[in-house]
Amino acid sequence: MEYEPVIGLEVHCELKTATKLFCGCPTKFGMEANTQVCPVCLGLPGVLPVMNEKAVEFAVKIGLALNCTIAKYSKMDRKNYYYPDLPKAYQVSQYDKPLNYGGHLEVPLKEGIKRVGITRAHLEEDAGKLVHAGGKAGRLDSSDYSLADYNRGGIPLVEIVSEPDIRSADEAYAYLTALRNILLYIGVSDCNMEEGSLRCDANVSIRPKGTEKFGTRTEIKNMNSFRFAKQAIEYEIKRQAALLDKGERVVQESRLWDVTENKTKTMRSKEEAHDYRYFPEPDLVPIVLSEAYVKGIKDSLPELPGAKRERFTSKYGLTAYDAGVLTSEKELADWFEEGVKHTKSPKGFANWMMGDMAAKMKELEKGFSDLKFDQKKLGELVDLLEAGTINSKQGKEVFAEMFDLGVSPAEVVKSRGMAQVSDPKAIEEAVAKVLAENPSVVADYKGGKQGVIGFLVGKVMQASQGKANPKLVNEVLKKKLDA
Ligand SMILES: [Zn+2]
C-alpha cells in the first residue's frame, strides 16, 4: 500500500531577551548551575511574576513575520504537571487565547514555494534542565542520579505550531530551515541549536494515498537538530507503514529519537489537554495590545525572506529557486545585493555564489568574514566570462587563485596570458590544420558519425593551448565540415 505522511511541527524558540519572562534573572547560556535563579523562577511561595515587556514585543514580531493575526486580548494560563525541572509544578503558558494565531510560512522547495499554515505562536516560559549523571553519558535510562539546573527555568519561549500541512521529511526540514531563517532575520532569537535555543517536536501520521482521514499520530519529542528531526520523521514514517502493512495499528504516544541507535522509541503514552488542567494564571493580568503598538512593531520589521525573494526574482531575473537559496540567510542575501553593484550579470554572479564559491566555503568551513576577496573581484570574474575573454575552464582556475590568494581576476588573466582567442581568422587556420591532419575522422563525420566533432574541437583547443573560444571553434568546425 502506498501511504501519504501527514506531519505537523511544534517549534520552541528561546527569545534572546536579557532577562527571564517573569523576573530579572539573566538568560545567559552556559553559566554555573543554579547561579541565575531567584525566588520567582524557583517558584518559592509568596512571589509574584511580572511580565517582561520585551518578550511580548519579540513574540508579536514572530507573529507578524509568520503572517498571524495578533490577538488584541490574550492571557497566560497554568499548565499543570509535576516534573523535577519545574519547581512550581506548573508552566505558565497560553491555552485558549494565544497571542498569535492563523498565519502561514512560505517554504521554498525545489518544486516551488509551499505555504504551510501556522496554527498559533504563543508565549510561555521554559523549564529547567535535568543533568543525568553516571552510567552511559547523559542518558536517563542508565544514569545513577540526576541533578537539576534551574538557570533555564523561566526563560521566555515562543511555541510555534504548524498545521499538519507537511508531507515528507524533506519538507519538514525545509520548513524548519525557513522558520529559523525568519527568526534570525527579525533578531528575536540566536537560534543556536547546540544551546537548545530551537527545539522541535514532530507529529507524524500516515494515511493511504488519496484518502482524507488522518491516521493515528505519534509525537517525536524534543529534537534539537534539524538533521535528527529529518531522520526521525523518515524513520517514523517507515515504522508506521510497516505496522499498517502487517495489519497492526499505530499507538498514539510520545516517542524519542535515539541518536545512537537511529530509531524512535516509546517515551510515554500521549497526554491530552485535559490532563494538564489548564486554568488562567491568577497572578498576571491579561495581555492587551493597542492597534498602534502592533503597528509600531510591524513598521520596525526588516524586509523578510519572502519579500526579498520576490524582489530578487523581479529585479535581478533570478529563478524562484535561486532567489530562495540566496535569501535563505540574511548574510548571503546581503553579500549578493552588494555584489550585483559590481557586475553586469546578476544571474552569473548568483551562479558563482551558489556553485563553486559555496562548495569551497563549505569544504574549507569558511564564513563570509574569512574570505580574501570581495564582491568587486567576483564581479570582475563574472564579467570576464560574460564577455568571452576567458572560457569556463579558465574561469575555474582564476576563481581558485582569487579564492586562495585574494588576487584580482583581471590581473590573473593578464599575467597568465589567458585571454581567450576569439579571432575568427586564427581559429579558422587552426581548424583547417586539424582537419588536414585527421582525414579519417572527417570521413567518419561525413559518414554520419556527427559525435566525432567533439574530438575535433578537443584537437583545436589543444593546438591553441586551451585559449581558443570553444563556442567559436565549434561554429567554425561545423561550417567547414558541413560545407
Ligand atoms: Zn529569577
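Structure: see above.
The rules behind these values
Each chain has its residues counted from 1, following the order in which its sequence is written. Two thresholds apply to this predicted model, a pLDDT of at least 70 for residue-level local features and 80 or more for giving and counting side-chain atom pairs, whereas whole-chain, interface and lining totals are computed over all residues. Calculation of side-chain values draws on the structure's entire complement of heavy atoms; hydrogens and water are dropped beforehand. We call an atom a donor if it is N, O or S and sits within 2.8 Å of the metal, or 3.2 Å for Na, K and Ca. Water is not counted, so some sites may look partial. Four donors are marked tetrahedral only if all angles between them lie between 85 and 135 degrees, whereas four are marked square planar and six octahedral if opposite donors are more than 155 degrees apart and the other angles lie between 65 and 115; the remainder are marked irregular. Counting from the N terminus, the helices are the DSSP runs of H or I reaching at least four residues and the strands are the DSSP runs of E reaching at least two. The rule is simple: take the accessible area with a 1.4 Å probe, protein chains only, and divide by the maximum for that residue type; under 20% is buried, over 50% is exposed, in between is partly exposed. Residue contacts follow a heavy-atom distance rule, with two residues in contact if any of their heavy atoms lie within 4.5 Å. Strands are treated as partners if at least two bridges between them are detected by DSSP. Lines fitted to C-alpha atoms define the axes here, with helix axes fitted over just the stretch in contact, and angles between the N-to-C directions of these axes take values from 0 to 180 degrees.

K.L.:
Got a sec to walk through the coordination of the zinc ion? Specific residues and values, please.
P.N.:
Around the zinc ion, the protein supplies Cys23 (SG), Cys25 (SG), Cys38 (SG) and Cys41 (SG) as donor atoms, at distances of 2.3 to 2.4 Å. Around the zinc ion, the four donor atoms are arranged such that angles at the metal cover 101 to 115°; this shape is classified as tetrahedral. Every donor residue of the zinc ion comes from the same chain, spaced as C-x1-C-x12-C-x2-C. Here cysteine 38 lies in the loop between strand 1 (3–14) and helix 1 (53–65) and cysteine 25 lies in the loop between strand 1 and helix 1, a separation of 13 residues in the sequence. With respect to burial, cysteine 25 and cysteine 38 carry one shared label: buried.

K.L.:
Pulling in residues and values, what's your account of the environment of lysine 467?
P.N.:
Relative to the elements of secondary structure, lysine 467 occurs in the loop between helix 14 (453–463) and helix 15 (470–482). On the basis of relative accessible area, lysine 467 is assigned to the partly exposed category, the value being 27%. The contacts of lysine 467, once residues within four sequence positions are left out, are Gln394, Gly417, Met418, Ala419, Gln420 and Val421.

K.L.:
Explain the sheet that holds strand 1 to me, and be specific about the residues and the numbers.
P.N.:
In a beta sheet, neighbouring strands are held together by backbone hydrogen bonds and run either parallel or antiparallel to one another. Spatial ordering of the open sheet is given by 2-6-7-10-1-11-12-13-14, a layout of nine strands whose pairing is mixed. Each of the sheet's edge strands pairs with one partner strand only, and the pair in question is strand 2 (69–70) and strand 14 (263–269). In terms of strand pairing, strand 1 meets strand 10 (residues 156–162) through five bridges, oriented antiparallel. When the bridges of strand 10 are listed, glutamate 10 appears paired with valine 161. Against the sheet, helix 3 (residues 226–245) makes contact with strand 1, strand 11 (198–208), strand 12 (218–223), strand 13 (253–258) and strand 14, and its axis sits at roughly 25° relative to strand 11, the strand it touches most.

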